[in-house]
Amino acid sequence: MDKQRKKQLAEAYAQSFRAMGVYQIRNAENGKVLVRSSMDLDGARNRFEFMKQMNNNTLPELKTDWDRYGGSVFEFSELDRIKPKEETVTDRAELKKYQEEVDALAELWVEKLQPYGDNGYHKPKS
């Protein structure tokens, strides 16, 4: 494949939407959850699985329980997806709107699941 074609494919990939939405990381040992959002759910899942394989936690909220139980007790599950209106993004402002939508959806899931104290890894808002 020539350089120009590789460049075109890279640009097309950069402008395409990935599955975006909200996910949780759940500790199967004690039931606690951490709710997160991502503009790339598949990437978030891959990073999490790699983290488990390497037994190298990069999420400070999980540190105590990761050290206590190990990474194998944590499970990744998708909670909600946002379907983009278009196949590609041509304007950065449009991407920002989706980020705001993903963040708002994550807040709704936090309200619903109440992942505080014994239920999760979130700190209550003051």
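Above this text is the structure in question.
Treat the numbers as computed from the prediction; the structure is a model and nothing was measured.

**Section: the overall build of the protein**
Assigned secondary structure in the protein consists of 4 helices and 3 strands. When its helices and strands are written in sequence order, the protein yields α-β-β-α-α-β-α. Among the 126 residues that make up the protein, the fraction classed as buried is 33%. Taking the contacts inside the protein whose residues are at least 6 apart along the sequence as the reference set, 60% of them involve residues at least 24 apart. Total accessible area on the protein stands at roughly 8,600 Å², and carbon and sulfur atoms take up 47% of it.

**Brief notes about the packing of aromatic side chains**
Counting across every chain of the model gives 4 aromatic pairs. A centroid spacing of 4.6 Å and a plane angle of 20° characterise the contact between Tyr23 and Phe76, whose relative ring orientation is stacked. You can see Tyr23 sitting in strand E1 (residues 20–27) and its partner Phe76 sitting in strand E3 (residues 74–82), a full 53 residues away along the chain. Ring geometry for Phe74 and Tyr121: centres 6.5 Å apart, planes at 45°, overall tilted. Placement of the pair is Phe74 in strand E3 and Tyr121 in the segment after helix H4 (92–113), with a sequence separation of 47 residues. You can call Phe74 buried: its relative accessible area is 0%. For Tyr121, a relative accessible area of 10% corresponds to the buried category. Cluster of aromatic residues (ring-pair linked, three or more members): Tyr23, Phe48 and Phe76.

**Some words on the environment of Gly117**
Mapped onto the elements of the fold, Gly117 is located in the segment after H4. Remark: the alpha-carbon pair of Gly117 and Lys32, spanning 85 residues in sequence, is separated by 8.5 Å. Leaving out residues up to four positions away in the same chain, Gly117 has contacts with Lys32 and His122.

**Observations regarding the sheet that holds E1**
With antiparallel pairing, the 3 strands of this open sheet are ordered in space as E2-E1-E3. Single-partner strands in this sheet number two, and they are strand E2 (33–38) and E3. Averaged over all neighbouring strand pairs, the angle between strand axes comes to 20°, with direction disregarded. The pairing of E1 with E2 spans 6 bridges and is antiparallel. What sits directly across from Arg26, in E2, is Val33. Against the sheet, helix H2 (residues 41–54) makes contact with E1, E2 and E3, and its axis sits at roughly 175° relative to E3, the strand it touches most.

**Overview of the pairing of E1**
The buried count for E1 comes to 7 of 8 residues, which makes it a mostly enclosed element. Counting the residues between successive antiparallel strands, the hairpin from E1 to E2 contains 5 residues, one of them, Gly31, with a positive phi of roughly 80°.

**Side note on the nonpolar core**
Here is a general trend for soluble globular proteins: nonpolar side chains tend to be buried in one another's company. Within the largest apolar cluster, 15 residues are counted, with the highest numbers of intra-cluster contacts made by Tyr23, Ile25, Leu34, Phe48, Leu59, Leu62 and Phe74. Top element by residues in this core is H2. It accounts for 4 residues. When sequence neighbours within four positions are dropped, the list of residues in contact with Tyr23 reads Leu34, Val35, Arg36, Ser37, Ser38, Leu41, Ala44, Phe76, Ser77, Glu78 and Leu79. Membership of the second largest hydrophobic core comes to 10 residues, among which are Val35, Ile82, Leu105 and Ala106.

Rules used throughout
Throughout, residues of each chain are indexed from 1 in the direction in which the sequence is written. Two thresholds apply to this predicted model, a pLDDT of at least 70 for residue-level local features and 80 or more for giving and counting side-chain atom pairs, whereas whole-chain, interface and lining totals are computed over all residues. The basis for every side-chain value is the complete set of heavy atoms in the structure, and neither hydrogens nor water enter the calculation. The secondary structure listing takes helices from DSSP runs of H or I that are at least 4 residues long and strands from runs of E that are at least 2 residues long, numbered from the N terminus. Residue exposure (1.4 Å probe, protein chains only): buried if accessible area is under 20% of the type maximum, exposed if over 50%, otherwise partly exposed. Here, residues are in contact when the closest pair of their heavy atoms is within 4.5 Å. Computed with the Shrake-Rupley method and a 1.4 Å probe, the accessible areas treat only the protein chains shown as cover for residues. Here a Phe, Tyr or Trp ring, Trp counted by its six-membered ring, pairs with any other such ring whose centre lies within 6.5 Å, and the pair is stacked when the planes are under 30 degrees apart, edge-to-face when over 60, and tilted otherwise. Whether two strands pair depends on DSSP finding at least two bridges between them. Between the N-to-C directions of two axes lies an angle of 0 to 180 degrees, each axis being a line fitted to C-alpha atoms and, for a helix, fitted only over the stretch in contact. Working definition of a nonpolar core: buried Ala, Val, Leu, Ile, Met, Phe, Trp, Tyr and Cys residues. They are joined through side-chain atoms within 4.5 Å.

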